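# Reading the structure
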Amino acid sequence: MGIGELDREAHVPEVTGAAAAPRTLAEALRARGDEGLAALLRARPDLLSPVPNDLTQLATRAGTRGSVVRALERLDRFALQTAEALAVAQDPAPYPVLLGLLTGDEGDPVIEAALPGAVALLREQALVWGEDDRLRLVRTARELLAPSAQHPSPTGLGPTVAEATSGMSPGRVQEIIAAAGLPGTHDAVSAVAALTELFTDRDRMGALLDTASPDALSVLDRLVWGPPYGEVTANPAPPVRWLRDRGLLLPVSPRTMVLPREVALHLRGGRAHRVPEPVAPVPGVLREYRPQVVDSAAAGQAQLALATVEELLKSWDRGGPQVLRAGGLSVRDLKRTAAALDVSEETAAFWLELCYGAGLLASDGEADERYAPTPAYDDWLDLPPAERWALLVTPWLTATRTPGLVGGQDAKGRTLSVLGPDLDRSPAPEVRHRVLGLLATLPPGSSVEPESLFARLRWERPLRGAAAGDEGGDLRSRLARWALAEAELLGLTGRGALSGPARALLNLPLAEAASAGALGGGVELSVAAGRAATLLAPLLPEAVDHVLLQADLTAVAPGPLRRPLADALAVLADVESKGGATVYRFTPGSVRRALDSGQTATDLHEFLKAHSRTPVPQPLAYLVDDVARRHGHLRVGAASAYVRCDDDTVLGEILADRRSSSLGLRRLAPTVLAAQTDPGSLLDGLRSMGYAPAAESTTGDVLITRADAYRTGARTAPVPVPDGPPAPDTTLLGAAVRAIRAGDRAATAVRKEPAAAPTAAGALPRTSAAETLATVQAAAMTGSAVWIGYVNAEGGASQRVIAPVRVEGGFVTAYDHTADEVRTYPLHRITGVAELADDQV
């Protein structure tokens, strides 16, 4: 099918008369209702910053390059293919021509059914305007989507015959039409028109191609679906010469030929795209589980997430690693964290970024800057488990920081570090929400086939796949892959299927919200998180207040421990293994740690007896008594440091031990040794030798060394980087539409000009002070509107349409249609006044 012809009938929706057809985009917008303008501003919120003065300014802003690019990036694949087809069609294009470019000669009922929706979407977003008999693509969009040598079109089409022959000599054009079997013309313009008519005539074009050799047709086949450009030698082969002589290939440079658009469309059967995609791919089901199994698996993951976050931040309780000079955590510290959590470095980066995004972790801001938990972490620990989980997943949904990028490089080749800069990717929240929303469209308990999910995301935003500075191809697919993995780690999914609490978090059912792909406001999200926590709470295991002591100096916690017991046991024993049941091991070092914190052997025996469901094993009781008997037998204080002991034989043993040589000990008295090191190093050295010394104060009292937690100052969580202007709410949209309408009425109002002194177009009206006063007083009495010229205190001049309400004291109070509000104007600043035409009153 040619661009300008149809080989079959197509339905064309009824259009209005030619007199009512809009001539510009501004007129098309002016013909819309308030709901139509609100839909445009909702779909393209960048047009609201600032609010346009009138519809002409709105249309101008809607046609700017930056705004059009942003709008095109948010189109789905079929809407974009529709715009691309309009970009290669004549301007304006009738609806049947557009339909033919998408369906081809054979037709396609699926495309025919989907096309009205795509055109309506383009119209709603002011990318297309005009009635169905004269569809026009916004000029900037046409420039972006139309084929050119510098910017090939996704359609694979090249320039038209007229464009390709624009620099060709008239004699050469006449040679081409003669070789094609056309009669000569008197000028190049008519010759090009005749050649175009030949290429768009199916019968005549078919007859011409029937005379081509198989080799010539093979050349056309290689170019037909693009790219349409091919290199030739100075002496091309006979098949290429045959095509060139008849204009089926046209030169664009001495070594480059191009396939004209009309020829390509004929060879394609009239279709602009090789594979139109009118229907969105449906995510496939990978496996199906019972919903109860999914919820149980998700709850187990949620419990593990809470334990992992607590373990991570507890290990940094006295201050974490240092902050790199460029920001972030070093690779070595990330490896240590991963080893401590027994996870991969990628997973450790996720947990660190999750804590940072939730406001539980930050840098302390000191000169020697380090990472540490924030005061919010202590408040978080006091909450029930389900509420703690909700406070982790809520910021994850809205965060733009992307831990999956850690280890990659930025645009300048610098390695991206966890907790460092340049990890924000603004599409991340939308992709996470869409991934979960698409999972929600599957039957409950169904896991998704990942590649089908990625295909759906690519269909929804085909132009937003790659981002500047990102390696690895399709950014949205990578974000989706990370979102699936992170949702599983957080317990939003179980075995790859969406859990019940996750559905509550997303305010499901998502029939409408899923298609929008946008999160609700902060209040809505908080309410939804509360509902999700309520559903999760019964699925989490109950915290227990007991352990099972065993004869091998271990204790088994059969579930998560209650907070006081967990904190006390963490001091008295070391964690040996984690899982559904945590195993703790008692060692001399761990028992000494409990004694250092101020507890006595009696306290420890009572603690173990009170919290064990099994009798206290004899080896554990002996361990506690043995460490307690030796604990504090030696005393270390500050001299720079000293050791004292009532038993001088013990001090003699220490001096005789070769391992004490590094401490620089010497005897000051039978029961006192002086050291050339600080008390802390002396304590560590004696403990490494097998002794159990205790630190003492300057008054001789034993110092109790409790593990005081180190916290940063109050810190706020990182603010997500917005993906363009925020979506306006209903109140803002209503106010913006009213303001634009009012400004447009003022800008387009027809004025009555005084017959004696006509006012030039665009100039302020000029009347005497007496005439101005009389006119506004009369308007206030009759309730009519007038047109005024006004100069403000800064000297800025403007034209306004006002309805005077009261005139007194040298001021006129009036409803300003331009500003859509009541204002007061000094009469001496009004340059003149004119009545509106009768049909504008």
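Quick note: structure is the one above.
Presented here is a report on the structure given in the accompanying data block.

What counts, and where the lines are drawn
- Residues numbered from 1 in each chain as written.
- Predicted model: local features only at pLDDT ≥ 70, side-chain atom pairs only at ≥ 80, totals over all residues.
- Heavy atoms only, no water.
- Pairing = 2+ DSSP bridges.
- Helix = DSSP H or I, 4+ residues; strand = E, 2+ residues; numbered from the N terminus.
- Axes fitted to C-alpha atoms, helices over the stretch in contact; angles between N-to-C directions.
- Salt bridge = Lys/Arg side-chain N within 4 Å of Asp/Glu carboxyl O.
- Buried < 20%, exposed > 50% of the residue type's maximum accessible area, 1.4 Å probe, protein only.
- Phe/Tyr/Trp six-rings, centres within 6.5 Å; stacked < 30°, edge-to-face > 60°.
- Lys NZ or Arg CZ within 6 Å of the ring centre and 35° of its normal.

### Concerning the sheet that holds strand E5 (residues 256–258)
A sheet is described by the order of its strands in space; here three strands give the open sequence E3-E5-E4, paired in antiparallel fashion. Looking at the sheet topology across the chains shown, the edges are occupied by strand E3 (229–231) and strand E4 (250–253). Taken over all neighbouring pairs, the strand axes of this sheet differ in orientation by 35° on average, direction set aside. Where E4 and E5 come together, three bridges link them in antiparallel fashion. Across the sheet, Leu250 pairs through a bridge with Val258, a residue of E5.

### Considerations on the sheet that holds strand E16 (residues 635–637)
Strand order in the open sheet formed by five strands is E18-E19-E17-E16-E20, with mixed pairing between adjacent strands. Edge positions in the sheet fall to strand E18 (666–669) and strand E20 (694–695), since each has one partner strand and no second. Taken together, the three bridges between E18 and strand E19 (residues 672–675) define a ladder with antiparallel strand orientation. Within E19, the position partnered with Ala669 by the bridge is Val672.

### A short note on the pattern of salt bridges
One pass over the structure, following the stated rule, counts 36 salt bridges. Between Arg456 and Glu460 there is a salt bridge, with its nearest N and O atoms 3.0 Å apart. Within this pair, Arg456 and its partner Glu460 are both found in helix H22 (residues 450–460), separated by four residues, close to a single helical turn. For the pair Arg456 and Glu460, one class covers both residues: buried. A salt bridge links Arg800 to Asp816, with the shortest nitrogen-to-oxygen separation between them at 2.6 Å.

### Quick notes on the packing of aromatic side chains
Between two aromatic rings, the relevant description is the distance of the centres plus the angle of the planes. Counting across every chain of the model gives four aromatic pairs. Between Tyr377 and Trp380 the ring centres are 6.1 Å apart and the planes differ by 25°, which places this aromatic pair in the stacked class. Note that Tyr377 and Trp380 are positioned in helix H19 (residues 375–381) at a spacing of three residues, about one turn of the helix. Each member of the pair Tyr377 and Trp380 is classed as buried. Looking at Arg388, its charged tip hangs above the ring of Trp380, at a distance of 5.3 Å from the centre.

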